[in-house]
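# Per-entry structural report
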Number of protein chains: 2
Amino acid sequence: MVLREATRIVGVVPNAAYRHFADRDELLAAVCTAAMRELGDRMAAEVAAVDGEHGDPTAAFLRLGAIGATYLKFAREEPGLFATAFALPQRHAYAPATETAGPDRTPLGQLRTVLDELVDAGTLTPERRDGMEYPIWSAVHGLAVLAGQGPLRNAPDADRQRIEELTLTFVANSLA
Amino acid sequence: MVLREATRIVGVVPNAAYRHFADRDELLAAVCTAAMRELGDRMAAEVAAVDGEHGDPTAAFLRLGAIGATYLKFAREEPGLFATAFALPQRHAYAPATETAGPDRTPLGQLRTVLDELVDAGTLTPERRDGMEYPIWSAVHGLAVLAGQGPLRNAPDADRQRIEELTLTFVANSLA
DNA sequence: CGCATCTTGTGGACGCTGTCCACATTGCTA
DNA sequence: TAGCAATGTGGACAGCGTCCACAAGATGCG
């Protein structure tokens, strides 16, 4: 349902794919990684577009909102990429933090960054911040799934938009 | 990936399935409906096991917790049923409420019931309660998906359990 | 009771998929 | 220029969902 379709789009015989990917899953994994990076890049762009110094609580909340909104927008506008991004769990596992090179541009890494910023801004105590990325991630991801492939798929756009806002303020309120 | 497998388990030739279901999707829809009812039944049982009168805020919160915990437990223990339950979005759409017969035993209906109870108990204002089922549903569903088929799939059990608790208190706190 | 009809299951076939094999073609490099 | 790695091709296989024609048992009606 994927491999032959991809090779058809590229205009090549199905077996040609096996010169580049071991099997269907490895192809999917490549798309998965690319999709995740794309989401991370869009997020970083939206976050960077928010003015305000590090340590400014208002700006930090705006950045948090930008992260959530970008996540939901990506799921809405690129449903295929979004679904594929989470289709292969072995990739981009929930590594607690790679202290390697440069800032973490993964979606989860950027969420962690803004949560740390909220701690620096004094909005969040370190105790409450601890592990907070998972409930937040769950809330936004859950809505993306429910609205994209789940029971909310056929909800009118207005309803869905309202639910999106409700969820983002739900998350923001829980941090205030 | 489903139809022939099912007929094989039943010990019958694949085409026999077409005497009972129009096609693969209709078979899936039947499982989907059954899975959803099963989840609703387990939820109702756990909710009923919570002592406390209607109007008691503490009991209402316990019931809310039972709903969330049952949801997560179901997703953990019956990953196939859980995935199938949400595979066919046209079924059990997010009908805002069917005023037909008896109490709503769907998962969403039970969540709505307990939220209404929190309003009756004075814990939640009607304004804040409005639409609140969706962020809550999203948070719990999102965690179920992330931990069941998503990036959190390979997380150690202890971590996952902690994240579950974190998410449920996250939800409860947002209503206090 | 006898027969027709409905229900359920069977066998064979089709096109689709992912996958493997052996073989051709290209282009870089020593 | 000869050799080799990379890439693509053609053919084949089993598995999938699906359709068709046919068989056998249950059911209901005269």
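Throughout what follows, the structure given in this document is the object of discussion.

The rules behind these values
Residues numbered from 1 in each chain as written. Chains lettered and ligands numbered in written order. Predicted model: local features only at pLDDT ≥ 70, side-chain atom pairs only at ≥ 80, totals over all residues. Helix = DSSP H or I, 4+ residues; strand = E, 2+ residues; numbered from the N terminus. Contact = placed C-beta atoms within 7 Å. Nonpolar A, V, L, I, M, F, W, Y, C, P; charged D, E, K, R; others polar. Near = placed C-beta within 6 Å. Core = buried A, V, L, I, M, F, W, Y, C linked by C-beta atoms within 7 Å. Buried ≥ 20, exposed ≤ 12 C-beta atoms within 10 Å, placed from the backbone. Least-squares fit on C-alpha atoms with pLDDT ≥ 70 in both. Axes fitted to C-alpha atoms, helices over the stretch in contact; angles between N-to-C directions. Parallel < 35°, antiparallel > 145°, perpendicular 65-115°, else oblique. Expected span 1.5 Å × (residues − 1).

Before going further, it helps to spend a moment on the overall build of chain A. Helices and strands together make up the secondary structure of chain A, namely eight helices and zero strands. Reading chain A from its N terminus to its C terminus gives the helix and strand order α-α-α-α-α-α-α-α. Here the C-alpha coordinates of chain A stretch approximately 60 × 45 × 25 Å along the principal axes. Counted over contacts in chain A with a minimum sequence separation of 6, partners at least 24 positions apart contribute 64%.

In this assembly, 31 residues from chain B lie in contact with 31 residues from chain A. At the level of elements, helix 7 (133-148) and helix 8 (157-175) of chain B are the ones that each hand at least two residues to the side of chain B that touches chain A. The residue makeup of the side of chain B that touches chain A, split by class, is 18 nonpolar, 11 polar and two charged.

Here we take up the protein's contact with DNA strand C. What surrounds DNA strand C is a group of 15 residues, the closest being A:R4, A:D23, A:R24, B:V13 and B:N15. The leading source of residues in the surface near DNA strand C is helix 1 (residues 3-10) of chain A, at three residues. Among the residues forming the surface near DNA strand C, the class breakdown is eight nonpolar, two polar and five charged.

Moving on, we come to the protein's contact with DNA strand D. For DNA strand D, the set of nearby residues contains 15 residues, the closest of which are A:V13, B:L3, B:R4, B:D23 and B:R24. By residue number, the principal contributor to the surface near DNA strand D is helix 1 (residues 3-10) of chain B, which donates three residues. Residues that form the surface near DNA strand D fall into these classes: eight nonpolar, two polar and five charged.

We now examine the nonpolar core. Considering soluble globular proteins, one finds that nonpolar side chains tend to be buried as a cluster. Counting residues in hydrophobic clusters, the biggest one holds 81 residues, and the most contacted among them are A:V140, A:L143, A:A144, B:I67, B:V140, B:L143 and B:A144. When near neighbours in sequence (up to four residues on either side) are disregarded, B:V140 contacts A:G142, B:G68, B:Y71, B:L72 and B:T167.

Another point: the environment of A:A87. Residue and element names in this part refer to chain A. Along the chain, A87 turns up in the loop between helix 4 (79-85) and helix 5 (107-120). The exposure class assigned to A87 is partly exposed, which follows from the 17 C-beta atoms found within 10 Å. Along the chain, A87 and M43 lie 44 residues apart, while their C-alpha atoms are 20 Å from each other. Beyond its immediate chain neighbours, meaning those up to four positions away, A87 contacts L28 and C32.

Attention now moves to the relation of the copies chain B and chain A. Once turned by 180 degrees and shifted 0.0 Å along the axis, chain B lies on chain A with an RMSD of 0.1 Å. Look at the turn and shift together and you get a two-fold axis relating the two. A shared interface surface links the copies, since 100% of the contact residues of chain B are contact residues in chain A too.

It is worth spelling out the packing of helix 7 of chain B against helix 8 of chain B at this point. Residue and element names in this part refer to chain B. Two elements in contact, helix 7 and helix 8, have axes whose closest approach is 10 Å; the angle formed by their N-to-C orientations is 170 degrees. By the angle class used here, helix 7 and helix 8 are roughly antiparallel. Residues I136, A139, V140, L143 and A147 of helix 7 lie in contact with helix 8, whose contacting residues are R160, I163, E164, T167, F170 and V171. Residue composition of the contact of helix 7 with helix 8, grouped by class: eight nonpolar, one polar and two charged.

What follows is about helix 3 (residues 57-77) of chain A. At 3.6 residues per turn, the α-helix brings residues three or four places apart onto the same side. With 21 residues, helix 3 of chain A extends 30 Å from end C-alpha to end C-alpha; this agrees with the ideal 30 Å at 1.5 Å per step. Buried residues of helix 3 of chain A: A:A60, A:F61, A:R63, A:L64, A:A66, A:I67, A:G68, A:T70, A:Y71, A:L72, A:F74 and A:A75, and no others.

Two elements in contact, helix 7 (residues 133-148) of chain A and helix 7 of chain B, have axes whose closest approach is 6 Å; the angle formed by their N-to-C orientations is 95 degrees. Judged by the inter-axis angle, helix 7 of chain A sits roughly perpendicular to helix 7 of chain B. Counting all contacts with helix 7 of chain A, which are made through A:P135, A:W137, A:S138, A:A139, A:V140, A:H141, A:G142, A:L143, A:V145 and A:L146, the residues of helix 7 of chain B involved are B:P135, B:W137, B:S138, B:A139, B:V140, B:H141, B:G142, B:L143, B:V145 and B:L146. Looking at the contact of helix 7 of chain A with helix 7 of chain B, its residues break down into 14 nonpolar, six polar and no charged.

This paragraph deals with helix 7 of chain B. The terminal C-alpha atoms of helix 7 of chain B lie 22 Å apart, and with 16 residues this matches the ideal 22 Å at 1.5 Å per residue to within 8%. Burial analysis of helix 7 of chain B places 15 of its 16 residues in the buried class, the great majority of the element.

Residues and elements named next belong to chain B. Tracing the backbone shows E46 in helix 2 (residues 24-48). Counting along the chain gives 19 residues from E46 to G65, while the straight-line C-alpha distance between them is 9.7 Å. Not counting residues within four places of it along the chain, the set of residues in contact with E46 comprises A66 and T70.

This part takes up the environment of B:T169. As for its placement among the helices and strands, B:T169 is situated in helix 8. Taking C-alpha positions, B:T169 is 22 Å from B:E127, a pair spaced 42 residues apart along the chain.

Interpretation note: all reported values are geometric properties and have no functional meaning in isolation.
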